[in-house]
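# Commentary on secondary and tertiary structure
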Amino acid sequence: MTERKRLSDDTDESSMNNSKKIKLIQTTLPVGTTTRPLCKYGAKCYRKQPDHLRNYRHPSLDRKQEEEEEEADDDEDFSTTKLTTSVPVSSSSKKISPVNSSSSSPVKQTTESNNSKISLMELAELHGEKLLSYLYQMEFPNDLHEFWNFCSNMNKTNPQDVLKNSLNLELVGPFEILGSALKTCKTLPNMHLHYRYYYDTPEFMTIIRTLNKQSQFHIGYYRDSPDELPSFLASNDASVNNQFKICGDNIFAAIYSYARHLLKSTDKSDLKSFISDLENYAKKHKFSLDETTSKITARKKKVNCTLLNSLGMVVPCENDIGYRPVPFTKDQFKKVCDKFCNSSSEELSEKADDDLQHVITCIQFANDECDYGEGLEFGLNLFLYGASKLHSRVLTLLPLGYKLLHRELYGEIITAHLSSGRSNLVEELNEITKNN
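First, a word on what this report is: a plain description of the structure on this page. Keep in mind the model is a prediction, meaning the values are calculated, not measured.

### Comments concerning the pairing of strand S6 (residues 232-237)
- Summarising burial for S6: 6 of the 6 residues are buried, a large majority.
- Of the two faces of S6, the one lined by Phe232, Ala234 and Asn236 and the one lined by Leu233, Ser235 and Asp237 are each fully buried.
- The sheet contact formed by S6 and strand S7 (residues 245-246) spans 2 bridges and is antiparallel. Its bridge partner lying in S7, Ala234 is registered against Ile246.

### What to know about the packing of helix H13 (residues 330-342) against helix H14 (residues 346-368)
- Their axes nearest at 8 Å, the elements H13 and H14 cross at an angle of 130°. One element, H13, and the other, H14, form an angle in the oblique class. The handedness of the crossing between H13 and H14 is left-handed. For the pair formed by H13 and H14, the contact residues are Val336, Lys339 and Phe340 on the first element and Leu348, Ser349, Ala352, Asp353, Asp355 and Leu356 on the second.

### Let's talk about the nonpolar core
- Within the largest apolar cluster, 99 residues are counted, with the highest numbers of intra-cluster contacts made by Leu135, Phe147, Ile251, Ile255 and Phe378.
- Considering every element that reaches this core, the biggest residue donor is helix H15 (residues 373-385), with 7 residues.
- Residue contacts for Leu135: discarding those within four places in its chain leaves Leu123, Ile177, Leu182, Leu188, Met191 and His192.

### Topic: the packing of aromatic side chains
- Throughout the structure, instances matching the rule amount to 17 aromatic pairs.
- Put simply, the rings of Phe147, Trp148, Phe150, Phe175, Phe252, Phe274, Tyr281 and Phe287 touch in pairs and so form one group of aromatic residues.
- The cationic tip of Arg223 hangs over the ring face of Phe140; the distance from NZ or CZ to the ring centre is 5.5 Å.
- In this structure, Lys389 is placed above the aromatic ring of Phe340, and the distance from its NZ or CZ to the ring centre is 4.5 Å.

### Some remarks on the sheet that holds S6
- If you trace the 5 strands from one edge of the open sheet to the other, you get S3-S4-S5-S6-S7, paired in antiparallel fashion. The open sheet has two edge strands with one neighbour each: strand S3 (169-171) and S7.
- Relative to S6, strand S5 (residues 217-222) is paired through 6 bridges, and the arrangement is antiparallel. Note that in S6 the partner of Tyr222 across the bridge is Phe232.

### Concerning the packing of helix H7 (residues 142-154) against helix H10 (residues 251-263)
- Packing of H7 against H10 brings their axes to within 9 Å, and their N-to-C directions diverge by 55°. By the criterion of interaxial angle, the relationship of H7 to H10 is oblique. When H7 is examined against H10, the residues Asp143, Leu144, Glu146, Phe147 and Phe150 are found in contact with a partner set consisting of Ile251, Phe252 and Ile255.
- Of the residues assigned to the contact of H7 with H10, the class counts are 6 nonpolar, no polar and 2 charged.

### With respect to the pattern of salt bridges
- A complete count under the given rule lists 8 salt bridges for this structure.
- Here Arg209 ties to Glu170 by a salt bridge, and the two come within 2.8 Å at their closest N and O atoms. Residue Arg209 is found in strand S4 (residues 204-210), and its partner Glu170 is found in strand S3; the two are separated by 39 residues along the sequence.
- Lys351 serves as the salt-bridge partner of Asp355, at 3.1 Å between the closest nitrogen and oxygen. A residue pair is termed a helical-turn pair when its members lie 3 or 4 positions apart in one helix, as Asp355 and Lys351 do in helix H14 at 4 residues.
- In this structure Lys351 comes out as partly exposed when scored by relative accessible area, which is 47%.
- Among the charged side chains, a salt-bridge network with shared partners connects Arg324, Glu369 and Asp371.

Rules used in this analysis
Residues numbered from 1 in each chain as written. Predicted model: local features only at pLDDT ≥ 70, side-chain atom pairs only at ≥ 80, totals over all residues. Heavy atoms only, no water. Buried < 20%, exposed > 50% of the residue type's maximum accessible area, 1.4 Å probe, protein only. Helix = DSSP H or I, 4+ residues; strand = E, 2+ residues; numbered from the N terminus. Pairing = 2+ DSSP bridges. Axes fitted to C-alpha atoms, helices over the stretch in contact; angles between N-to-C directions. Parallel < 35°, antiparallel > 145°, perpendicular 65-115°, else oblique. Left-handed = near helix turned anticlockwise from the far one by under 90°. Contact = heavy atoms within 4.5 Å. Core = buried A, V, L, I, M, F, W, Y, C linked by side-chain atoms within 4.5 Å. Phe/Tyr/Trp six-rings, centres within 6.5 Å; stacked < 30°, edge-to-face > 60°. Lys NZ or Arg CZ within 6 Å of the ring centre and 35° of its normal. Nonpolar A, V, L, I, M, F, W, Y, C, P; charged D, E, K, R; others polar. Salt bridge = Lys/Arg side-chain N within 4 Å of Asp/Glu carboxyl O.

Purely spatial values, then, with no claim about function.
Right, dumping it as structure tokens:
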């Protein structure tokens, strides 16, 4: 419910009697208000979600909207610098249009066009980073484009096939988009569900996968927040367990590590040649081939806790505000989840349920005191435990936790992942139509 401020007690009684309407000021500012924060990408932003457009200013879209509202403010003698004062207005004064209004403002037009199905022909005008940013609502690091260039130099016709013969790997996700895979799509796909494996948290994005049908090994970017570049790359085999292994801060390092490991069990001349080419290209373009770099070490110092997947969680903290530990050790957490999910005793299951609910209650208090990290940690560990019986609690905790941390996109991803069938690995782009 939108919170509204009360009229001050000393409001002039005569003005209240004469006014036909009292303007009640929302504590959440409307779309056109100029005090909204400026989007970091400005006019070049390709995020078109209605929530994003409401929450952030985009100069090219907002200029006309802001001018109109400034004129309206002058007409009403109602300055935005006096928002805390309730002022009577006449019935003829300009009002903020409701959501279903037929307003023709630029921002409204943008919102409406993105609530409808977006034409793939419109996307055909975008290429490279601009196209990826639009589809994923994230920025991509330079190593992705350089690795694509590296593969294109080795195979100009099918760059995606470069890793198949020597490593039995395939480039997927954003590489498919760079390879013009959208031309085969009938509708706009939700790229965040594409090759999202069972234990992939929203922070993880698959970009490489094995061609071995008996395995679910994959490599991907890991970024703490959707508005940041990836912190590192990690690998996991979802058919084995929920453990992820850091394998460098760029794709060249990740592939180099995998190739060197594979070389121990084979003596293929083509593999040796590939490794040599990779080393030369990485050196020329100044990409480190080390699994641990200063960038990864610097992030480790910011880690609040280690999750069940062996990767650290990072949330912003200032003056000891932002994170408090979950009142469970890892062993205690696993035992409680085991009892809740697997116990044949109804009594033990109910006791475990009470223990889980107690933590959720503690998280509610933590959220009230701005320690949002506790709910995120607990929600992610419930997800990583891997039992569908815990999904309702995951959906109670994670979308809210991400919202409080201003990582709303991750809340959308976890909701879509669990709702679409977590066990169903989506390989075909046409199977993941985006709901606009």
